[in-house]
Amino acid sequence: MSRYPFKDAEARWQQVWAERKAFEVADDDDRPSYYVLEMFPYPSGLLHMGHVRNYTLGDVVARYKMARGFKVMHPMGWDAFGLPAENAAITKGIHPAESTYGNIEAMKKQFASLGLSLDWSREFATCDPSYYRHQQAMFLDFLEAGLVYRKESSVNWDPVDHTVLANEQVVDGRGWRSGAVVQRRKLAQWFFKVTEFADDLLEALDGLDRWPDKVRIMQGRWIGRSEGALVRFAIDDRDDPLEVFTTRPDTLFGASFMAIAPDHPLAAELAESSPELQAFIAECAKTGTSEEAIEQAEKLGYDTGLRCINPLIPDQRLPIYVANFVLMDYGTGAIFGCPGHDQRDLDFARKYGRPVTPVVLPPDTDPETFEIGAEAYVGDGKIFNSEFLDGLDVPTAKRTVIQHLEELSVGEGKITFRLRDWGVSRQRYWGCPIPIVNCPSCGIVPVPKEQLPVELPKDIELGKVGNPLDRHPTWKHVACPKCGGAAVRETDTLDTFVDSSWYFLRFCSPRSDQPFDRDKVERWMPVDQYIGGVEHAVLHLLYSRFFCRALKRCGHLDIEEPFAGLFTQGMVCHKTFRDDDGQWLNPEEVEQTGENSWKVIADGRAVTVGRSEKMSKSKLNVVDPGPTIDAYGADAARLFMLSDSPPERDLEWTEAGIDGAWRYLNRLWRLFAAGTPANADSTEALDLSDEAAALKRAVHKTIHAVTDEIEKFHFNKAVALIRELSNRLETVDRNDPAMAPVMREALEALVKLMSPMVPHLAEELWQRLGHDQLLTGTPWPESDPAWLTEDVITIAVQVMGKLRATLELPKGVDKETAEAAALEDENVRRAIGGKAVRRVIFVPGKILNIVI
RNA sequence: GCGGGCGUGGUGGAAUUGGUAGACACGCCAGAUUUAGGAUCUGGUGGCUUCGGCCGUGGGGGUUCGAGUCCCUUCGCCCGCACCA
């Protein structure tokens, strides 16, 4: 039996597309433009299934939009700076540049086998000096615009390797390589002033109507605008008051203690004379810097002995604690605790024996008997126990108390954001050098733009202690651009998130001697459809939004939002195996011994089949796409990625699934091999038989529905509809001359509909239909509204809401006719059982429900 | 702890505004066929059934002529995170 010769066909069409530059777009084209972008990959050297899914989804969009008459830009590049290349250099002794560019070449070959409609003429890597020189220029522009500044901030310090560790490199509080207990250390670092745009970044989320709600919600919460008040509490025997930020100034009469962050300046000052406090602060510093770690930690406080005065209750004295749950980065790094109406404050008060005074009375509650038990009351209600606030509701009390604090000059209304400025300094080699010179006499001096790029030195020693660029014998030593004296370069590099915050702009004019050409950016931006993993929902997407605003502020750009449409795909998962000790096992180590039982081949130990989890090296459940594509072809892999699972949900990789996709491609192959009817220009003028007309209606309905589903990113449903049509076509009698013209029309439509998903097979079948033009570039099929409707409709007949019959009735049938027809049905009559019909509900074209 | 989701056959998943639950597949069962393949084709496949029907969308309750869909409640799972004062 004839099999689809995918190896030959896929290679052949890939070559044809490349030779004809089918996917390269010129900028001077007056068709409407459409920019499709998938998040560019880090060149690890190996394409994984997540990539295949991501780029397949993007390719469907790109090819579909092409067929719809858009001039589509679908570029690809490399997010090429990063930690893994540096680690590879340490463990394998390969220079990061060498491994990175080698990996790019290797991955490009793998990309080629997927048959993606990518415009490779726009390719670049972020580690190219021709890319990062522009990034350095932007850094200088941001600096000039006041959007970049320097401040001290904490890092994870490995005391053995003398290096700064990423959070990822800290395992159980220890450095991953040295095993040394990590210390927090303060370093002067560069920051991008993201908070400058906090309000705008938040408000503009509303306009991103083609973004998933969940991403907008996540970003909104990350930015975290909250309205509250700054309140100054005078401290006994000290001049400076303690300033706190609170979102609940209405509960000030319920205050029972104060707490400051372990790294609050006041704590540091007091610790100088208190070894005990020093020890407490050191203990707090052992908890990781991540919020997750702080959250797991037990709530601890240390009474400083200082007492401060509640500005609303002059004779009240509140103890000041240093507490491990107060964050220096939020608000003022100090809080007042109101245990009655905040659960964490309540837990703390119970632990340290502080009083609990309720000040918000829940509705319909007796103030005499209301008490706070184990749970704080956080709801709305009437204020009580609060003098001039008594009787007010919470929002009114907030306004009133803020006004009162302002009159007393001890506080004022204040809006605070959770969003922090973006620390971009990294003490690493394989990143974009920060174009700054530190001069002993002039201070911080920007590198003049004409001296850019500040290139990374090629001769570098990695794996030694310390910051590699700082250790380089000559690189950092330069003449000060201002005074000409001896000076040193900044030896930190930029966070790689900076690289990915503007690459989508560079694609518009990738060879420009400017960061981007403004007219090209205006032609293509914003990205019409951006596609990637939801793990970037906050950081990358938010930084990119910040970057566009910062560039606009500097006069380089007019747009603020880089991505008009966003789609976040699900993960690719695969089953996992573990032994009794919970160790992950490689699928090759195990064999199936029964329906649900598995064992280790080597020693027969029992194996637990875990649930399907995201493919990852640590879980040993990674499937390499390479051999799969080799065995089944790119189209089979693509089809499997698109079938069954909705793109936004996780997809489980199964051998059976890819096998099923491959078998379906062969069915299509045979459907077309069965002999295709000669071309007929149109079936419009023909007098079609009932059977032929029904087929034609099915074809047009399928065109209509598939188009709709692709537009809505429901590719799994589009595939199902295509299968339905092809199943039907397999049953058509090709020897019937009345069917031939419609069959021709059907086959042509089918090929076009499948072409975004399985482009190689589609080109092959298109050619077999006798076309000498490429299918790529051929317009999308149009559905004819005249063929979307049926003459006969099916009415479901219910008795008391239960289905008893379905009736085929002429389109537009009225209630009386339908009811009469229903009452003739034996099943319906049996269900009514001779009872009186009380009511009949009729939904035209759908339902007739008889109520008895 | 907070926030966001999701629970539908043996499996992945379909199901307009509330209107025929299980499309399309995988798997399985029976049969056919063969150039014994990574086959292919035909039929069947939610459960129970006295063959009339009955029960079925995590559980319980409600609204409705009618609920997978709306409301209340409860259980389970997943994702994200920032103790946000």
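About the thresholds
Residues numbered from 1 in each chain as written. Chains lettered and ligands numbered in written order. Predicted model: local features only at pLDDT ≥ 70, side-chain atom pairs only at ≥ 80, totals over all residues. Heavy atoms only, no water. Helix = DSSP H or I, 4+ residues; strand = E, 2+ residues; numbered from the N terminus. Contact = heavy atoms within 4.5 Å. Polar contact = N/O pair within 3.5 Å; in protein donor to acceptor, adjacent residues only side chain to side chain. Salt bridge = Lys/Arg side-chain N within 4 Å of Asp/Glu carboxyl O. Buried < 20%, exposed > 50% of the residue type's maximum accessible area, 1.4 Å probe, protein only. 1 Å grid on protein atoms, 1.4 Å probe; cavity = no way out; pocket = protein on both sides within 12 Å on 5 of 7 lines; lining within 4 Å. Points joined across faces, edges and corners; volume = space filled by probe spheres on them. Pairing = 2+ DSSP bridges. Axes fitted to C-alpha atoms, helices over the stretch in contact; angles between N-to-C directions.

1. Details of the environment of Asp825
Note that Asp825 resides in the loop between helix H25 (815-824) and helix H26 (826-832). Residue contacts for Asp825: discarding those within four places in its chain leaves Arg804, Ala805 and Leu807. Engagement of the side chain of Asp825 in a polar contact is seen with the backbone nitrogen of Val828, the distance being 3.2 Å.

2. Quick look at the pattern of salt bridges
Summed over the entire model, instances satisfying the criterion amount to 39 salt bridges. Overlapping salt bridges bring together Asp200, Arg545, Arg549 and Glu561 as one network.

3. Section: unusual backbone geometry
Residues Leu452 and Pro453 are joined by a peptide bond in cis, for which omega reads 0°. The omega angle of the peptide bond from Met525 to Pro526 is -5°, so this bond is cis rather than trans. Relative to the elements of secondary structure, Pro526 occurs in the loop between helix H16 (518-524) and strand E25 (529-533). A positive phi angle, close to 65°, is found at Phe713, a residue other than glycine. The residue Phe713 is located in the loop between helix H21 (690-711) and helix H22 (715-730) in this model. The exposure class of Phe713 is buried, given its relative accessible area of 8%.

4. Describing the layout of surface pockets
Approximately 1,000 Å³ is the volume found for the second largest pocket. In this structure, the second largest pocket is lined by 30 residues; those nearest its centre are Phe325, Leu327, Tyr330, Ile335 and Arg344. Of all the secondary structure elements, the ones that give two or more residues to the lining of the second largest pocket are helix H7 (213-223), strand E9 (242-246), helix H10 (291-296), strand E13 (334-337) and helix H11 (343-352).

5. Things to note about the sheet that holds E13
In space, the 4 strands of this open sheet follow the order E11-E12-E10-E13, with mixed pairing throughout. Both outer strands of the open sheet, strand E11 (301-310) and E13, are each paired with one neighbouring strand and no more. Along the sheet, successive strands turn relative to each other by an average axial angle of 25°, direction set aside. Where E11 lies against strand E12 (residues 313-323), 7 bridges are found, and the strand directions are antiparallel.

6. Things to note about the sheet that holds strand E20 (residues 436-439)
As summarised here, the arrangement of the 4 strands in space is E21-E20-E23-E22, forming an open sheet in which the pairing is antiparallel. Of all strands in the sheet, those with a lone pairing partner are strand E21 (443-446) and strand E22 (477-479), marking the two edges. Direction aside, neighbouring strands of the sheet carry axes that sit 40° apart on average. Where E22 lies against strand E23 (residues 486-489), 3 bridges are found, and the strand directions are antiparallel. Pairing of His477 across the sheet is with Val488, part of E23.

7. Some thoughts on the side chain of Ser645
Within the secondary structure, Ser645 is located in the loop between helix H19 (634-642) and strand E32 (651-652). For Ser645, the contacting residues outside a window of four places in its chain are Arg53, Asp650, Leu651 and Asn716.

8. Section: the pairing of strand E35 (residues 839-843)
What you see with E35 is a clean split: Val840 and Phe842 sit on the buried side and Arg839, Ile841 and Val843 on the side with no burial. In this structure, E35 lies alongside strand E36 (residues 847-851), joined through 5 bridges in antiparallel fashion. Each residue of the ladder has a partner; that of Val840, found in E36, is Ile850. Turn length for the E35-E36 hairpin, with the two strands adjacent in sequence and antiparallel, is 3 residues, and the turn residue Gly845 shows positive phi of about 80°.

9. Description of the side chain of Glu123
Relative to the helices and strands, Glu123 resides in the loop between helix H4 (96-112) and helix H5 (129-144). Among the polar contacts made by the side chain of Glu123, one reaches the side chain of Lys108 at a distance of 2.7 Å. The contacts of Glu123, once residues within four sequence positions are left out, are Met76, Trp78, Ile104, Lys108 and Arg511.

10. Considering the pairing of strand E7 (residues 183-192)
Two elements, strand E3 (residues 148-158) and E7, share 10 bridges in a ladder whose sense is antiparallel. Residue pairing for E7: Ser153 is matched across the bridge by Leu187. In this structure, E7 lies alongside strand E17 (residues 422-423), joined through 2 bridges in antiparallel fashion. Each bridged residue has a counterpart across the sheet, and for Phe191 the counterpart in E17 is Gly423.

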